[in-house]
Amino acid sequence: MEVRYKAAGVDTEASSFLNNDYDDYQKNPGSKMEIIARYVALAVSVSKELGKLEPGRIIPLVRDRAWLEEMHAAKTKAGATETEELACEELSEELVVVYAEDLPTHLSFLSAKSLTAAGLELASLRQAACKNLLQSLPRIEFHESGSDFYAVDTGGYAEPSLILIDSVWEGRRLKVKGEHVFAIPTRDTLLVTGSGTPEGIARMRAKAEEIYRSGPYRISTKLFVRRDGKIVDFTVPEVQP
């Protein structure tokens, strides 16, 4: 379900999806008024920011293709035109990169129309957006789990987006054997191990599947690897007899 609105005297329109709010209500029906109040407060905040896109606040976010298709379907149903669809780039067969303005109270996802209006081009946006993300994160920490793989903590909500940033992984900042192998089960989870650590790969895969089954905002149970500047699916090499 989507709600569309705009502030008085502003031509730009905003929209909010109520899926997560409804999920919260189903889990705790007694919190209905609290959820409504939270939503209204967010809508008021969003309205105040309409028409003020700031390039320095744009960050990249990794999402799965199913999420993108759901968002586009909802917007089309609500009467959005093609230029109002979210601006995105393909990252792998299953993953995409979308862009959002990181506002104090919420994330405002950007459409092709909003980028054009701000004089920005999608083809040249990622590098600047990654720089913005790095500057906005309070920290980047790697927490070792069983000595085989690591959980990444940025103190925020954009852990998966770190796979886009070369400087985080170059120079062997995180000591792993072989290539960096990633799991992105949910939007706030990033696990990493080395391609030369079979035990780590097995443990990390099991943990990713556990998080995916039990956690909200799912992305994927697949493993990924950075290779030649791209993100591709990782498969365990077959052992030769």
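Please refer to the structure higher up on the page.
Throughout what follows, the structure given in this document is the object of discussion. Nothing here was measured: the structure is a model prediction, and the numbers come from that model.

1. Re the sheet that holds strand 11 (residues 223-227)
Part 1: Here we have 6 strands laid out as an open sheet, ordered 7-8-10-9-11-12, and antiparallel in their pairing. Pairing within the sheet leaves two strands with one partner each, and these edge strands are strand 7 (141-145) and strand 12 (230-233). Pairs of neighbouring strands in the sheet enclose a mean axial angle of 35 degrees, with direction left out of account.
Part 2: Contacting strand 8 (149-153), strand 9 (180-183), strand 10 (191-194) and strand 11, helix 7 (residues 198-214) runs over the sheet at an angle of about 165 degrees to strand 10.

2. Here we look at helix 7
Part 1: For helix 7, which comprises 17 residues, the first-to-last C-alpha distance of 25 Å matches the rise-based estimate of 24 Å (1.5 Å per residue) to within 8%.
Part 2: Listed in full, the buried residues belonging to helix 7 are Gly-200, Ile-201, Met-204, Ala-208 and Ile-211. End-on, the buried residues of helix 7 take up no more than an arc of 95 degrees, which puts them together on one face. Facing away from the buried surface of helix 7 by more than 90 degrees, the exposed residues are Pro-198, Arg-213 and Ser-214.
Part 3: Summarising the contacts, the buried residues of helix 7 are in contact with strand 8, strand 9, strand 10 and strand 11.

3. Considering helix 3 (residues 65-77)
Helical geometry: 3.6 residues make up each α-helical turn, so side chains three or four residues apart lie on a common side.
Part 1: Counted at 1.5 Å a residue, the expected span for helix 3 with its 13 residues is 18 Å, and the 18 Å between its end C-alpha atoms agrees.
Part 2: Those residues of helix 3 that fall on the buried side of the exposure criterion are Trp-67, Leu-68, Met-71, His-72 and Lys-75. Buried residues of helix 3, seen end-on, are gathered within an arc of 130 degrees and therefore sit on one face of the element. In helix 3, the exposed positions angled more than 90 degrees off the buried face are occupied by Glu-69 and Lys-77.

4. As for the pattern of salt bridges
Part 1: In this structure the tally under the stated criterion is 11 salt bridges.
Part 2: Of the charged contacts in the structure, one is a salt bridge between Arg-226 and Asp-166, with a shortest N-O distance of 2.6 Å. A residue pair is termed long-range when its members are at least 10 positions apart, and Arg-226 in strand 11 and Asp-166 in helix 6 (residues 166-169) qualify at 60 residues.
Part 3: For the salt bridge of Arg-227 with Glu-179, the shortest nitrogen-to-oxygen distance reads 2.7 Å. Taken as a pair, Arg-227 in strand 11 and Glu-179 in the loop between helix 6 and strand 9 lie far apart in primary sequence, 48 residues in all.
Part 4: Note on Glu-179: relative accessible area 28%, which makes it partly exposed.
Part 5: Members of the salt-bridge network, linked through shared partners, are Glu-94, Lys-222 and Asp-233.

5. Details of the side chain of Thr-189
Part 1: Tracing the sequence through the fold places Thr-189 in the loop between strand 9 and strand 10.
Part 2: A polar contact is formed between the side chain of Thr-189 and the side chain of Thr-186, at a distance of 2.7 Å.
Part 3: Side chain to side chain, Thr-189 and Asp-188 meet in a polar contact 3.3 Å long.
Part 4: Look past the residues within four positions of Thr-189 in its chain and what remains in contact with it is Glu-159, Pro-160, Ala-183, Ile-184 and Ile-211.

6. So, the environment of Gln-135
Part 1: Tracing the backbone shows Gln-135 in helix 5 (residues 126-136).
Part 2: Sequence separation between Gln-135 and Arg-57 is 78 residues, and the spatial gap between their C-alpha atoms is 9.9 Å.

7. Side note on unusual backbone geometry
Part 1: A positive phi angle, close to 55 degrees, is found at Tyr-217, a residue other than glycine.
Part 2: By the element assignment, Tyr-217 lies in the loop between helix 7 and strand 11.

8. Concerning the packing of aromatic side chains
By convention here, two paired aromatic rings are described through the distance between centres and the angle between planes.
Part 1: Applying the stated criterion to the full structure yields 3 aromatic pairs.
Part 2: With 5.3 Å between their ring centres and 55 degrees between their planes, Trp-67 and Phe-109 make a pair best called tilted. One end of the pair, Trp-67, is in helix 3; the other, Phe-109, is in strand 6 (residues 107-109), and 42 residues separate them in sequence.
Part 3: The class of Trp-67 is buried, set by a relative accessible area of 9%.
Part 4: Summarising the aromatic geometry, the rings of Phe-142 and Trp-169 are spaced 5.9 Å apart at their centres and angled 65 degrees between planes, so their arrangement reads as edge-to-face. One end of the pair, Phe-142, is in strand 7; the other, Trp-169, is in helix 6, and 27 residues separate them in sequence.
Part 5: By relative accessible area, Trp-169 is classed as buried at 4%.
Part 6: Stacked on the ring of Trp-67, the Lys or Arg Arg-63 has its end atom at 5.4 Å from the ring centre.
Part 7: Above the plane of the ring of Tyr-212 lies Arg-218, whose end atom (NZ or CZ) is 5.3 Å from the centre.

The rules behind the values
Residues numbered from 1 in each chain as written. Predicted model: local features only at pLDDT ≥ 70, side-chain atom pairs only at ≥ 80, totals over all residues. Heavy atoms only, no water. Pairing = 2+ DSSP bridges. Helix = DSSP H or I, 4+ residues; strand = E, 2+ residues; numbered from the N terminus. Axes fitted to C-alpha atoms, helices over the stretch in contact; angles between N-to-C directions. Contact = heavy atoms within 4.5 Å. Expected span 1.5 Å × (residues − 1). Buried < 20%, exposed > 50% of the residue type's maximum accessible area, 1.4 Å probe, protein only. Arc of directions from axis to C-beta. Salt bridge = Lys/Arg side-chain N within 4 Å of Asp/Glu carboxyl O. Polar contact = N/O pair within 3.5 Å; in protein donor to acceptor, adjacent residues only side chain to side chain. Phe/Tyr/Trp six-rings, centres within 6.5 Å; stacked < 30°, edge-to-face > 60°. Lys NZ or Arg CZ within 6 Å of the ring centre and 35° of its normal.

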